[in-house]
Amino acid sequence: MRILGLSAFSRSAAAALVEEGQVRAAVREDRLARTTDDTLWPLRALNSCLQVAEVTLADVDLVVFHEKPFLKFARLVRDSLATWPASRQATLGTLPAWLEDGLVPNLVLERETGIASHCVFLKQHLAHAASAFLVSPFEEAAILCLDGAGEEASASWGIGQGNRVHLRQEQRFPNSLGFLVQAVASYLGLPRRGGEEVLVDLSRAGAPSHLEGLRRLVNVQEDGSLQVDQTHLPFRAGGRLYSSAFVRTFGPPRPTDQVFEPRHLDMAASLQALLEEVTLVMARHVARQTGSKNLCLAGGVARNSALGTRILEEGVFDDCFIPPAPGTDGAALGAALAVGCARGASRPAPLQDPFLGPSWTAAHVRRVLTNAGRTFRDPAPASLPDTLARLLEEHGALGWLEGRVEFSSQALGSRGILVDPSRPEILDRVQRRLGSCRPVAGAGLALPEDRPGDWFELDRPSPFGMLSPNPRGPTRDRCRALLAGQARVPVTTINPRLRPVLAETLESLGRNRGCPIAALLPLQRHGEPLACRPEEALEICHRAGLTCLMAEGLLAELPDLPPASPAPQDGAHEH
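Residues numbered from 1 in each chain as written. Predicted model: local features only at pLDDT ≥ 70, side-chain atom pairs only at ≥ 80, totals over all residues. Heavy atoms only, no water.

1. Some thoughts on the overall build of the protein
Scanning the protein for helices and strands turns up 19 helices and 20 strands. Relative to a compact globule of 575 residues, whose C-alpha radius of gyration would be 25 Å, the protein shows 23 Å and is just as compact. For the C-alpha atoms alone, the extent of the protein along its principal axes is close to 65 × 55 × 45 Å. Within the span of the protein, comprising 575 residues, buried residues form 60% of the whole. In the protein, the share of contacts with a sequence separation of at least 24, taken over all contacts with a separation of at least 6, comes to 73%. For the protein, the exposed area adds up to about 21800 Å²; of that, 51% sits on carbon and sulfur atoms. (Helix = DSSP H or I, 4+ residues; strand = E, 2+ residues; numbered from the N terminus. Rg over C-alpha atoms; globule rule 2.2 N^0.38 Å. Buried < 20%, exposed > 50% of the residue type's maximum accessible area, 1.4 Å probe, protein only. Contact = heavy atoms within 4.5 Å. Areas by Shrake-Rupley, 256 points an atom, 1.4 Å probe, with all protein chains shown as cover.)

Written as structure tokens, this is what we have:
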């Protein structure tokens, strides 16, 4: 059976193709469309998945959408009526799109492709749960989903056994951790796209001095259920997510062009502390109810790598699996897997390979570099890792493009920028040239997956960058550009079977300098999707001021840029 999963009308829209229970392809639409639209339709992602499998839509047995649109629309109508006239502007802004396309994505699919497909719809949190459990290494596990809002659920928990997922309880919107994160991001003047990741970065520089104030707005019970104060956080109205009462309590919001003040950093740190507190309460309740020692964490909030880390550190569960795409993008894959397993397909092998998107050949890369007038060379494969390690030591940073695109919202080793983490001036220069307001925004650390415990308090691989363990002393000293004091950043362990060149480059770096760790930045300009095609990678590396790009085994030399324009003030974004 061949099943296509789709998550549609979202900035995280995606497509995933599953054949006989095996994942063939999965990719986010924004990486192909090169747009940050909040209502993306995954036509390019759909076509990419079909091209990878060398089939057409007519060869697909079933199309599964990641949510039930009529249930979601009913909730939006109820919320609109309950909060009218405050909801008037938001309702008038979204209603036409819902009536034209949102209620009937199956008809949109037929209109866009000319093919009438057999379509079914799955509840969003069931798709989230399946996206984590069905590709996990566990035969049995508890499941916790945390996001903004599905049709009605904003959090849910259940259990996975064999090839089945059962959700037992849910928390309903507007009591939502995901919307709380969006509200604080908006209050701090962060962009809709990527604001959550910037919040985590900001939290490392602040102190949780507003934690008690936020606790008064989010009442958490022992069973993990919560009540959000709608006077301060009017989520149901659909407009601005924080009210004038919130502003009176915490002070004026930050304009996007204003520097970050200490109180802004403290608000981010307070939100992070609250998220960790609430997640731990929920996880403990789920552990008591299920008796399981394993946890699968899913939903957009699960992208916050500190949450799974805290759950493990506190001993709530013995093991925790978070997929590389826990949000709406991954729900496309979860929807396809859940329906496939329910109809008799085998459960896929545990997911180790997040590189599920399209790829481009070395011949194509040669044409791109030649057409761009770039000088390049083709070193012998055996000498390539040592050459790359030497270039990284000499220049401090280099671009990286290898193999299929990762199915994730962060860099995992397919498209990225490697930076020497002991040289903060280079990290700062690269980030500011790419328009980021914070020197470490989006950055993590990459190291070979063998012996991660030598460098971090980490006793397991972290292939999807979903854990933020404490660094050990030598790591903090050598990675001072990212690890100020006790700060944590996401850690990605590189599998030598999946990314041999990158793993061997890090090993060579370790032999030369005693530390096999490099900072791994997303290959993207601030506010844009991650790079996908070689053309985009080349342009971003040029903008970042890099002098070298490794692309499918070729080493491209990039001319130096003129001095960068004045960097934006800390907190000011370039557009």
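Once the structure has been displayed, the description carries forward.
2. A few points about the sheet that holds strand E18 (residues 518-522)
Spatially, E13-E20-E19-E14-E15-E18-E16-E17 is the arrangement adopted by the 8 strands of the open sheet, whose pairing is mixed. The open sheet has two edge strands, strand E13 (375-377) and strand E17 (491-494), and neither has a second partner. Strand-to-strand twist across the sheet, computed as the mean angle between neighbouring axes with direction ignored, equals 30°. As paired strands, strand E15 (residues 415-419) and E18 are joined by 4 bridges and run antiparallel to one another. Its bridge partner being in E18, Leu418 is matched across the sheet by Leu520. Packing of helix H18 (residues 500-513) onto the sheet brings it into contact with strand E14 (397-401), E15, strand E16 (444-448), E17 and E18, and relative to E16 it is tilted by some 90°. (Pairing = 2+ DSSP bridges. Axes fitted to C-alpha atoms, helices over the stretch in contact; angles between N-to-C directions.)

3. Considerations on the packing of helix H8 (residues 195-203) against helix H11 (residues 262-290)
In a pair of packed helices, the angle between the axes and the distance between the axes together describe the arrangement. At a minimum axis separation of 7 Å, H8 and H11 run at an interaxial angle of 105°. The angle between H8 and H11 falls in the class roughly perpendicular. From H8, Leu199, Val200, Leu202 and Ser203 reach across to H11, where they touch Leu265, Ala268, Ala269, Leu271 and Gln272. Across the contact of H8 with H11, the residue classes tally to 7 nonpolar, 2 polar and no charged. (Parallel < 35°, antiparallel > 145°, perpendicular 65-115°, else oblique. Nonpolar A, V, L, I, M, F, W, Y, C, P; charged D, E, K, R; others polar.)

4. Here we look at the environment of Ser409
Here Ser409 lies in the loop between E14 and E15. The spatial distance from the C-alpha of Ser409 to the C-alpha of Leu46 is 18 Å, given a sequence separation of 363 residues. With residues up to four places along the chain from it excluded, the contact list for Ser409 reads Arg28, Glu197, Arg303, Pro324 and Leu530.

5. Some remarks on the pattern of salt bridges
In this structure the tally under the stated criterion is 35 salt bridges. A salt bridge links Lys72 to Glu67, with the shortest nitrogen-to-oxygen separation between them at 3.5 Å. The class for Glu67 is buried, based on a relative accessible area of 11%. (Salt bridge = Lys/Arg side-chain N within 4 Å of Asp/Glu carboxyl O.)

6. Brief notes about helix H15 (residues 384-395)
Taking 1.5 Å of rise per residue, 12 residues should cover 16 Å, and H15 covers 16 Å from first to last C-alpha, within 8% of that figure. Of the residues making up H15, those classed as buried are Leu384, Pro385, Thr387, Leu388, Ala389, Leu391 and Leu392. Just downstream of H15 lies Gly396, where phi reads positive at about 85°. (Expected span 1.5 Å × (residues − 1).)

7. A word on the pairing of strand E7 (residues 153-161)
In terms of burial, E7 is a largely internal element, 8 of the 9 residues being buried. Linking two consecutive strands that pair antiparallel, namely strand E6 (residues 140-146) and E7, is a turn of 6 residues. A loop of 2 residues connects E7 with strand E8 (residues 164-172), the two strands running antiparallel in sequence, and Gly162 in this loop sits at a positive phi of about 60°.

8. With respect to helix H6 (residues 124-133)
Among the 10 residues of H6, 9 are classified as buried, and the element is accordingly described as predominantly covered. Of all the positions in H6, only Gln124, His125, Ala127, His128, Ala129, Ala130, Ser131, Ala132 and Phe133 are classed as buried. Buried residues belonging to H6 abut E6, E7, E8, strand E11 (294-298), strand E12 (319-321) and helix H13 (328-342).

9. A few points about the sheet that holds E6
Strands sit in the order E8-E7-E6-E11-E12 across an open sheet of 5 strands; the sheet is mixed. Each end of this open sheet is capped by a strand with a single partner; those strands are E8 and E12. Strand-to-strand twist in this sheet, taken as the mean axis angle between neighbours without regard to direction, amounts to 20°. As defined by bridge partners, E6 adjoins E7 across 7 bridges and the pair is classed as antiparallel. Bridge pairing links Leu146 to Ala155 in E7.

10. Some thoughts on the pairing of strand E3 (residues 22-28)
Along a regular strand, successive side chains alternate from one face of the sheet to the other. Pairing between strand E2 (residues 14-19) and E3: 6 bridges, direction antiparallel. Each residue of the ladder has a partner; that of Val18, found in E3, is Val23. Counting the residues in the hairpin turn of E2 and E3 gives 2 residues, including Glu20, whose phi is positive at 50°.

11. Here's the deal with the environment of Asp266
Here Asp266 lies in helix H11. Sequence separation between Asp266 and Ala205 is 61 residues, and the spatial gap between their C-alpha atoms is 7.8 Å. The residues touching Asp266, leaving out its near neighbours within four places in the chain, are Gly206, Ala207, Pro208, Ser209 and His210.

12. Concerning the packing of helix H7 (residues 177-187) against H8
Contact pair H7 / H8: the axes reach a minimum separation of 9 Å and the direction vectors enclose 75°. When the axes of H7 and H8 are compared, the pair comes out roughly perpendicular. Only Gly195, Glu196 and Leu199 of H8 make contact with H7, whose side of the interface consists of Val181, Gln182, Val184 and Ala185. A per-class count over the contact of H7 with H8 returns 4 nonpolar, 2 polar and 1 charged.

13. A look at the state of the cysteines
The final tally for this structure, using the stated rule, is 0 disulfides. Lacking any disulfide linkage, Cys515 is separated from the closest cysteine sulfur, that of Cys479, by 4.8 Å. (Disulfide = S-S within 2.5 Å.)

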